[in-house]
Amino acid sequence: MLFTPTVVKNLLKRPATRNYPSVVRDPFPNFRGELVMDIDRCIFCGMCERKCPSQCITVDRQKGTWSCDLHACISCGYCRDNCPTKCLTMKDTHRKPLTERAVWIEQGTPPKPKKKAAPKKEAAAEAPAEKATAEEKPAEKKAPAKKKGDE
Ligand code: SF4
Ligand code: SF4
């Protein structure tokens, strides 16, 4: 049998996988573990939502909520890398295994709506002045009618 040596070798070797969460691997440099969110620093720009390749982040600017579907997250770290305020970080430990589908929701303070720019006082004050100036201008002289023989 050609595969007998491979079978024997695999029987004698330790398994390549670990019995997580009973056995946990020690973290290594640049390990991407549990995602951590500091909602107080979030400006609800939506960059993480746009960059997430598994589309598991939802940002609601009006309600001030940030949510993540934990079952869809692949721990790629793109959201963390692209967050302008650095409110997303990653621990060097795995998050706990989940037995039920869960959506992680953070409630923050919705950003205040931008006020419409008020009309400038100077512009408003200048408008009537311009009107008055136009009224003061003398009427333009009409060109004299051409007489016969002038041509
Ligand atoms: S990228 Fe950062 S600041 Fe922007 S919505 Fe996401 S978590 Fe908030
Ligand atoms: S780590 Fe990756 S998959 Fe998970 S929420 Fe961030 S961008 Fe999405």
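Because the structure is predicted, anything quoted here is derived from the model rather than measured.

Here the amide bond leading from Y20 into P21 is cis, since omega sits at 5 degrees, within 30 degrees of zero. Examined against the element boundaries, P21 turns out to sit in the loop between α1 (4-12) and β1 (35-37). Of note in the backbone geometry, N30 takes a positive phi value of approximately 60 degrees without being a glycine. Note on N30: relative accessible area 75%, which makes it exposed. With a phi angle near 55 degrees, F44 is a residue other than glycine that sits in the positive phi range. Its location among the elements puts F44 in the loop between β1 and α2 (47-51). According to the relative accessible area criterion, F44 is buried, its value standing at 3%.

Attention now moves to the sheet that holds strand β3 (residues 65-69). With antiparallel pairing, three strands are arranged side by side in an open sheet as β2-β3-β5. Strand pairing shows two members of the sheet lacking a second neighbour, β2 (57-60) and β5 (103-107), which therefore form its edges. Ignoring which end each strand starts from, the neighbouring axes of this sheet average 15 degrees apart. As paired elements, β2 and β3 share four bridges and run antiparallel to each other. The residue bridging V59 from the neighbouring strand is W66, located in β3.

Surrounding ligand 1, one finds 14 residues, the nearest of these being C42, C45, G46, C48 and C83. Across the shell around ligand 1, the residue classes tally to twelve nonpolar, two polar and no charged.

Once that is clear, we can look at the nonpolar core. With 20 residues, the main nonpolar core has M37, I57, W66, C68 and L88 as its most contacted residues. Counting only elements with at least two residues in this core, the list comes to β1, β2, β3 and β4 (88-90). What I57 contacts, discounting residues up to four positions off in sequence, is C48, E49, C52, W66, S67, C68 and C79.

This next bit is on the packing of aromatic side chains. What the rule picks out here adds up to two aromatic pairs. Seen from their ring centres, F28 and F31 are 5.1 Å apart, and the 85 degrees between their planes marks the pair as edge-to-face. The exposure class assigned to F28 is partly exposed, which follows from its relative accessible area of 39%. Judged by its relative accessible area of 15%, F31 falls in the buried class. Ring centres 5.0 Å apart and planes at 80 degrees place the aromatic pair W66 and W104 in the edge-to-face group. Note that W66 is positioned in strand β3 and W104 in strand β5, a separation of 38 residues in sequence. For W66, a relative accessible area of 0% puts it in the buried group. Among the residues examined, W104 registers a relative accessible area of 17% and is labelled buried.

Cut-offs used in this document
Residue positions are counted from 1 within each chain, in the order its sequence is given. As they are written, the chains are lettered A onward and the ligands numbered 1 onward, keeping that order. The predicted origin of the model limits local features to residues at a pLDDT of at least 70 and limits the giving and counting of side-chain atom pairs to 80 or more, whereas totals for whole chains, interfaces and linings rest on all residues. Hydrogens and waters are ignored; side-chain quantities use all the structure's heavy atoms. Secondary structure elements follow DSSP: runs of H or I no shorter than four residues count as helices, runs of E no shorter than two count as strands, and numbering proceeds from the N terminus. Exposure is judged per residue with a 1.4 Å probe applied to protein chains only, and the accessible area is read against the type maximum: over 50% gives exposed, under 20% gives buried, and values in between give partly exposed. Pairing between two strands is assigned when DSSP locates at least 2 bridges connecting them. Each axis is a line fitted through C-alpha atoms, and for a helix only the stretch in contact is used; angles between axes span 0 to 180 degrees, taken between their N-to-C directions. The nearness test applies per residue and asks whether one of its heavy atoms lies within 4 Å of the molecule or strand. Polarity classes work like this: nonpolar for Ala, Val, Leu, Ile, Met, Phe, Trp, Tyr, Cys and Pro, charged for Asp, Glu, Lys and Arg, and polar for all others, with Gly in that last group. We define a nonpolar core as any set of buried Ala, Val, Leu, Ile, Met, Phe, Trp, Tyr and Cys residues linked to one another through side-chain atoms lying within 4.5 Å. Throughout, a residue-residue contact means that at least one pair of heavy atoms, one from each residue, lies within 4.5 Å. For Phe, Tyr and Trp, where Trp contributes only its six-membered ring, two rings pair if their centres lie within 6.5 Å, and the inter-plane angle classes them as stacked under 30 degrees, edge-to-face over 60, or tilted in between.

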